[in-house]
Amino acid sequence: MPRVSEEHLERRRRQIVDAARACFIRKGIHDTSMQDIFAEAGLSAGAVYRYFKSKNEIIEANIATVIGDLHTFFAGLVHGDPLLPLDEMIERLSSRVVALSGENGPIRLAPEAWALALHDPELAKYVADNVTALRGTWTFYLRRLVDTGLLPPDTDVVAVGKTLFAILPGFLIQRLIIKDFSPEELRRGIKALTRDSMLTLRA
């Protein structure tokens, strides 16, 4: 297929995903119909169904956009040198979450997607795969901390990785609902918890 055609297809796919996200943020994922998406995108049903077989596929594409951005950013931090201490890692990640959760920010959809996943096996698997990937990156980061002497060699990096993953969803919920939690405050909290450990020190 000629390159120009591939680029056109990708632009059209992005048009649909962006239109769906606008509807999801405005009306909620559950209350958004495919007809809403057709109208927002300015496309016929046939044009949309050429790219996505169902609303679930469009939801998954939106999740992929959000998680893909966050995971790429996170992986860059985790693989970088010098290795960031935990408090700084948490602040940088939460700052990225804030940047993606503004008025039209795609990460605003995350809590609703989690709720839908509780009742939709197809979405549940997709969300679980993304969560597993993010937890795996936390585990890799913790192994680096162990290798550099910032954590004891017998640290259960899998258990700690799951625990650290749990922090950011809680931060997001407080940020979206209560609106009184900042990345700087989260960093201070983490630093207070790790004050007597080596986690706040650079390698």
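Please refer to the structure placed before this passage.
Read on for an overview of the structure. Predicted, not measured: the structure shown is a model, and the values here were computed from it.

1. What about the packing of aromatic side chains?
Stage number 1. Summed over all chains, the structure comprises four aromatic pairs.
Stage number 2. With a centroid separation of 5.2 Å and 55° between ring planes, the pair formed by Phe 171 and Phe 181 is classed as tilted. Of this pair, Phe 171 sits in helix 9 (residues 167–178) while Phe 181 sits in the loop between helix 9 and helix 10 (183–193), and the two are ten residues apart along the sequence. Just as Phe 171 is buried, Phe 181 falls in that class too.
Stage number 3. Joined through ring pairs, the aromatic side chains of Phe 74, Trp 138 and Tyr 141 make up one cluster.

2. Some points on the environment of Lys 191
Stage number 1. By the secondary structure assignment, Lys 191 is in helix 10.
Stage number 2. When its relative accessible area of 42% is taken as the criterion, Lys 191 is described as partly exposed.
Stage number 3. Distance in space between the C-alpha atoms of Lys 191 and Pro 169 is 19 Å, their sequence separation being 22 residues.

3. Thoughts on the pattern of salt bridges
Where charged atoms from two side chains of opposite charge approach closely, those side chains can pair.
Stage number 1. The full count for this structure, using the stated rule, is ten salt bridges.
Stage number 2. A salt bridge links Arg 14 to Asp 18, with the nearest nitrogen and oxygen atoms 3.5 Å apart. One end of the pair is Arg 14 and the other is Asp 18, both in helix 1 (residues 3–27) and four residues apart, which spans about a single turn.
Stage number 3. In this structure, Arg 26 and Glu 40 form a salt bridge, with 2.9 Å as the shortest nitrogen-oxygen distance. Of this pair, Arg 26 sits in helix 1 while Glu 40 sits in helix 2 (residues 34–41); the two residues are 14 residues apart in sequence, bridging distant segments of the chain.
Stage number 4. Classification of Arg 26 by relative accessible area gives exposed; the value is 54%.

4. Notes on helix 2
Stage number 1. Considered for burial, the residues of helix 2 that qualify are Met 34, Ile 37, Phe 38 and Ala 41. Buried positions in helix 2, seen along its axis, are confined to an arc of 100° and lie on one side of it. Turned more than 90 degrees off the buried face of helix 2, the exposed positions are Gln 35 and Ala 39.
Stage number 2. After helix 2 finishes, the residue Gly 42 shows a positive phi value of roughly 70°.

5. A look at the layout of surface pockets
Stage number 1. In this model, the largest pocket occupies a volume close to 390 Å³.
Stage number 2. Taken together, 25 residues line the largest pocket, and the ones lying closest to its centre are Ile 67, Leu 70, Ala 110, Trp 114 and Leu 134.
Stage number 3. Contributions of two or more residues to the lining of the largest pocket are made by helix 4 (55–79), helix 5 (86–99), helix 6 (110–117), helix 7 (121–147) and helix 9.
Stage number 4. Considering each element in turn, the lining of the largest pocket owes the most residues, seven residues, to helix 4.
Stage number 5. Taken together, the residues that form the lining of the largest pocket break down as 23 nonpolar, two polar and no charged.

6. Observations concerning a nonpolar patch on the surface
Stage number 1. A cluster of nonpolar residues, Trp 114, Ile 173, Ile 177 and Ile 178, forms a patch on the protein surface that exposes about 390 Å² of accessible area.
Stage number 2. At three residues, the largest contribution of residues to the nonpolar patch is made by helix 9.
Stage number 3. Its location among the elements puts Trp 114 in helix 6.

7. Topic: helix 9
Stage number 1. Taking 1.5 Å per residue, twelve residues should reach 16 Å; helix 9 reaches 16 Å between its end C-alpha atoms and fits that length.
Stage number 2. Listed as buried for helix 9 are Leu 168, Phe 171, Leu 172 and Leu 176. Around the axis of helix 9, the buried residues are gathered within 120° of arc, so they sit on the same side. Residues of helix 9 that are exposed and angled more than 90 degrees away from the buried face: Ile 177 and Ile 178.
Stage number 3. Each element contacted by the buried residues of helix 9 is listed here: helix 5, helix 6, helix 8 (157–165) and helix 10.
Stage number 4. Looking one or two places after helix 9, you find Lys 179, whose phi comes out positive at around 65°.

Rules used in this analysis
Residues numbered from 1 in each chain as written. Predicted model: local features only at pLDDT ≥ 70, side-chain atom pairs only at ≥ 80, totals over all residues. Heavy atoms only, no water. Phe/Tyr/Trp six-rings, centres within 6.5 Å; stacked < 30°, edge-to-face > 60°. Helix = DSSP H or I, 4+ residues; strand = E, 2+ residues; numbered from the N terminus. Buried < 20%, exposed > 50% of the residue type's maximum accessible area, 1.4 Å probe, protein only. Salt bridge = Lys/Arg side-chain N within 4 Å of Asp/Glu carboxyl O. Arc of directions from axis to C-beta. 1 Å grid on protein atoms, 1.4 Å probe; cavity = no way out; pocket = protein on both sides within 12 Å on 5 of 7 lines; lining within 4 Å. Points joined across faces, edges and corners; volume = space filled by probe spheres on them. Nonpolar A, V, L, I, M, F, W, Y, C, P; charged D, E, K, R; others polar. Patch = residues over 30% accessible without salt bridge, like charges linked within 9 Å, V, L, I, M, F, W, Y side chains within 5 Å. Areas by Shrake-Rupley, 256 points an atom, 1.4 Å probe, with all protein chains shown as cover. Expected span 1.5 Å × (residues − 1). Contact = heavy atoms within 4.5 Å.

Any functional reading would require information beyond the geometric quantities listed.
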